[in-house]
Amino acid sequence: MHPNIMKNALKLFPLSAFVLLSGHVQAQSSLTLFGKVDAGLVRAIGTGTTTLGEGAQSRVGLRGTEDLGQGMKVSFWLENRFRSTTGALTAVRYFQGQSIVAIEGGWGKLSLGRDYVAGYTEVQITPDPFIHTGVSSFVSVGTGGIGTVRNDGTITYKNQLGAFGFALQTASAVNPNSTTLPASSTIDRPVNGYISYQAGPVYLGWSHENPGGANDSWNFIAARYVLDRWTLTAGFGSGKDNVNNKRKSAMLGAAFKTTAGRVKLSYGQLENTTTHTDLTKKFAIGYNHDLSKRTFLYANLAHDKAVATNRSGFDLGLQHNF
């Protein structure tokens, strides 16, 4: 059974304060306490019930870097996820978000530990102006309901060569979303990667993922164009699940910066093309109203035609980042 989240967090904070104040910390090193706390009224699609919940998962973490000289540095990232309404962990892993250590230089970056699927943060999430959070999340469109978002025991190599970026990742053959530990095994070791291109306002990316099952695989293409206050996005995915059912997804997104916030619009769909079944067919609209650089109010509304009952949902709340 996991200890209370605040009890564990308090154990970390004196340690971080000690390191920051210690005379042994070099000027070229850094340690940062970061996170977000989110709470609001939520009516999840398919439930018809309004509760106090979160538009985005609350989190607290530590990250740091040390300059090794000669253009090299080492870094780490430890990120916990918790529910602001109860203080409880969101999952069985204490550092559910990430727990990685990395070394990088002119040759690229090598990281080890529990990490996001390489193509998830770089490509799959790109078309979604709601960044895969809350009732307006399009995570199933980006992953096809096949990809895993994170992996345990990853070895990830990333590099940026001018306008082009790429990454390759392999991971332990275990279920990264298991509700118990030790996690159950997968048939194969997960393998994934991406290639991206960024030039001025134009971004293009492609990702491939084999989550570790016998037959599953997923490919996703994303595009983004920034025009003054507008950010326009699009994505398309295809793949198959472990029983060889084929899936396809597509989405369009737009975001507009106002003087005091951000308006977001998106439409996405995911279909099992083998059985001709709609898995997601969602439209979403939302607005973030900035109270400061780190705090905003949000209101999001979504409607999913693929859901049998209670097709509409919303979240209305407050988020602070630190």
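Provided above is the structure to which this section pertains.
This text gives an overview of the structure that appears in the document. Here the structure is a predicted model, which means the values were calculated and not measured.

Examining the pairing of strand β17 (residues 312–321)
Stage number 1. Where strand β1 (residues 29–43) and β17 come together, eight bridges link them in antiparallel fashion. Looking across to β17, one finds that Val-37 is bridged to His-320.
Stage number 2. With nine bridges connecting them, strand β16 (residues 295–304) and β17 associate as antiparallel partners. Its bridge partner lying in β17, Thr-295 is registered against His-320.

Topic: the environment of Met-251
Stage number 1. Along the chain, Met-251 falls in strand β13 (residues 246–257).
Stage number 2. Assessed through its relative accessible area of 3%, Met-251 is described here as buried.
Stage number 3. Distance in space between the C-alpha atoms of Met-251 and Tyr-157 is 29 Å, their sequence separation being 94 residues.
Stage number 4. Apart from residues lying up to four places away in sequence, Met-251 is in contact with Pro-127, Asp-128, Phe-138, Val-141, Thr-233, Ala-234, Gly-235, Ser-266, Tyr-267 and Gly-268.

Considerations on the side chain of Asp-315
Stage number 1. Secondary-structure assignment places Asp-315 in strand β17.
Stage number 2. Lys-264 provides the closest opposite charge to the buried, salt-bridge-free Asp-315, at an N-O distance of 7.1 Å.
Stage number 3. In this view, Asp-315 contacts Leu-41, Val-42, Gly-55, Gly-134, Val-135, Tyr-298, Ala-299 and Asn-300; residues no more than four positions away in its chain are not counted.

Some thoughts on the nonpolar core
Stage number 1. Of all hydrophobic cores here, the largest spans ten residues; its members are Ala-118, Val-123, Ile-146, Ala-167, Tyr-194, Tyr-203, Trp-218, Phe-220, Ala-222 and Leu-270.
Stage number 2. Those elements that place two or more of their residues in this core are α2 (118–124) and β11 (217–227).
Stage number 3. Discounting residues that sit within four places of it in the chain, Phe-220 has contacts with Val-123, Gln-124, Pro-127, Val-141, Gly-142, Gly-205, Trp-206, Ser-207, Gly-235, Phe-236, Gly-237 and Ser-249.
Stage number 4. Residues Val-135, Phe-138, Ala-284 and Ala-302 belong to the second largest nonpolar core, which totals eight residues.

Some remarks on the side chain of Gln-98
Stage number 1. One can find Gln-98 in strand β5 (residues 98–105).
Stage number 2. Its relative accessible area of 9% is what places Gln-98 among the buried residues.
Stage number 3. Within the structure, Gln-98 has its side chain in polar contact with the side chain of Asp-115 (distance 2.8 Å).
Stage number 4. When residues no more than four places from it in sequence are discounted, the contact partners of Gln-98 are Trp-77, Leu-78, Glu-79, Arg-114, Asp-115 and Tyr-116.

A look at the packing of aromatic side chains
The relative placement of two aromatic rings is captured by the distance of their centres and the angle of their planes.
Stage number 1. Going through the model one piece at a time under the given rule, you end up with seven aromatic pairs.
Stage number 2. When the ring of Tyr-116 is compared with that of Tyr-120, the centres are 5.8 Å apart and the planes differ by 10°; the resulting orientation is stacked. The same class applies to Tyr-116 and to Tyr-120, which are both buried.
Stage number 3. Note that Arg-63 overlies the ring of Phe-34, its terminal NZ or CZ placed 4.5 Å from the centroid.

Re unusual backbone geometry
Stage number 1. Residue Pro-182 follows Leu-181 across a cis peptide bond; omega there is 0°.
Stage number 2. Structurally, Pro-182 is set in the loop between β8 (164–170) and β9 (191–199).
Stage number 3. Positive phi is not limited to glycine here, since Ile-131 has a value of about 45°.

Digging into the environment of Ala-39
Stage number 1. Within the secondary structure, Ala-39 is located in strand β1.
Stage number 2. Measuring from C-alpha to C-alpha, the distance between Ala-39 and Gln-319 comes to 6.7 Å, with 280 residues separating the pair along the chain.
Stage number 3. Residue contacts for Ala-39: discarding those within four places in its chain leaves Gly-53, Ser-84, Tyr-298, Gly-317 and Leu-318.

A word on the pattern of salt bridges
Stage number 1. A full pass over the atoms with the stated rule returns six salt bridges.
Stage number 2. When the shortest N-O distance is used, the salt bridge between Arg-247 and Asp-241 registers 3.6 Å. By the burial criterion, Arg-247 is buried, and Asp-241 matches it.
Stage number 3. Here Lys-281 makes a salt bridge to Asp-278, at a shortest N to O gap of 3.8 Å.
Stage number 4. Accessibility expressed as a relative area gives 26% for Lys-281, which makes it partly exposed.
Stage number 5. One salt-bridge network, held together by shared partners, links Arg-59, Glu-79 and Arg-81.

Definitions and cut-offs
- Residues numbered from 1 in each chain as written.
- Predicted model: local features only at pLDDT ≥ 70, side-chain atom pairs only at ≥ 80, totals over all residues.
- Heavy atoms only, no water.
- Pairing = 2+ DSSP bridges.
- Helix = DSSP H or I, 4+ residues; strand = E, 2+ residues; numbered from the N terminus.
- Buried < 20%, exposed > 50% of the residue type's maximum accessible area, 1.4 Å probe, protein only.
- Contact = heavy atoms within 4.5 Å.
- Lys, Arg positive; Asp, Glu negative; His and termini not counted.
- Salt bridge = Lys/Arg side-chain N within 4 Å of Asp/Glu carboxyl O.
- Core = buried A, V, L, I, M, F, W, Y, C linked by side-chain atoms within 4.5 Å.
- Polar contact = N/O pair within 3.5 Å; in protein donor to acceptor, adjacent residues only side chain to side chain.
- Phe/Tyr/Trp six-rings, centres within 6.5 Å; stacked < 30°, edge-to-face > 60°.
- Lys NZ or Arg CZ within 6 Å of the ring centre and 35° of its normal.

Coordinates in, geometry out; function isn't part of it.
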